[in-house]
Amino acid sequence: SWFRRGLSEREDIQNRYVVLLSVAILFYCFLIWFIGFYIASFVFMIAVPFLIEDGHKHILYKIGYGAVFSGIFLLLVYCIFSYVLNVPVPHAQWG
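Reading the values: rules and limits
Residues numbered from 1 in each chain as written. Predicted model: local features only at pLDDT ≥ 70, side-chain atom pairs only at ≥ 80, totals over all residues. Heavy atoms only, no water. Helix = DSSP H or I, 4+ residues; strand = E, 2+ residues; numbered from the N terminus. Contact = heavy atoms within 4.5 Å. Areas by Shrake-Rupley, 256 points an atom, 1.4 Å probe, with all protein chains shown as cover. Expected span 1.5 Å × (residues − 1). Bend = angle between axes of the 7 residues up to and from the residue. Buried < 20%, exposed > 50% of the residue type's maximum accessible area, 1.4 Å probe, protein only. Polar contact = N/O pair within 3.5 Å; in protein donor to acceptor, adjacent residues only side chain to side chain.

How would you sum up the overall build of the chain? Please name residues and give values.
Along the backbone of the chain there are 3 helices and 0 strands. The linear arrangement of helices and strands in the chain, starting from the amino end, is α-α-α. Pairs at least 24 apart in sequence give 64% of the contacts found in the chain among residues at least 6 apart. As displayed, the chain offers around 7,400 Å² of accessible surface, 72% of which is attributable to carbon and sulfur atoms.

And the structure:
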């Protein structure tokens, strides 16, 4: 198409990642409102490695690494917001 003229293949792939991750972030914002911050963040942190597509890693590795990393990160966020700052995080609107 006319807007891709002059772009290298690498630039084209990078532009696709920017668009894909932008849409994912918008969907993440909706999920925060719908299911709450902690569950939405957990799902988002597991999904991002699949969006980036670094095909060198096995699917179970991506899921396991994402689950461990997001679990530790969200525990840290919970402790900081609940005990240090005494500020609530967004809760689900439906329940």
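Let's hear about helix 2 (residues 37–52): which residues, and what values?
Helix length check: helix 2 (16 residues) gives 22 Å between terminal C-alpha atoms against 22 Å at 1.5 Å per residue, within 8%. When the local axis directions of helix 2 are compared, the greatest deviation, roughly 25°, occurs at Ile46, which is followed within four positions by the proline Pro49. Phe37, Ala40, Ser41, Met45, Ile46 and Val48 are the residues of helix 2 that are buried.

Can you tell me about the environment of Leu31, naming the residues and giving the values?
When you line up the elements, Leu31 lands in helix 1 (residues 9–35). Leu31 sits in the buried class, given a relative accessible area of 14%. Considered as a pair, Leu31 and Val43 are 12 residues apart in the sequence and their alpha carbons are 9.3 Å apart. Once residues lying within four places of it in the same chain are set aside, the contact partners of Leu31 are Gly36 and Ala40.

So what about unusual backbone geometry? Which residues, and what values?
In the Ramachandran plot, Asn86 falls in the positive-phi region, its phi being about 55° despite a non-glycine side chain. Summarising the element assignment, Asn86 is placed in the segment after helix 3 (59–84).

Could you give an account of the side chain of Ser70, naming the residues involved and the relevant values?
Examined against the element boundaries, Ser70 turns out to sit in helix 3. Ser70 sits in the buried class, given a relative accessible area of 0%. A distance of 3.3 Å separates the side chain of Ser70 from the backbone oxygen of Ala67, its partner in a polar contact. Apart from residues no more than four positions distant in its own chain, Ser70 is found in contact with Phe42, Met45 and Ile46.

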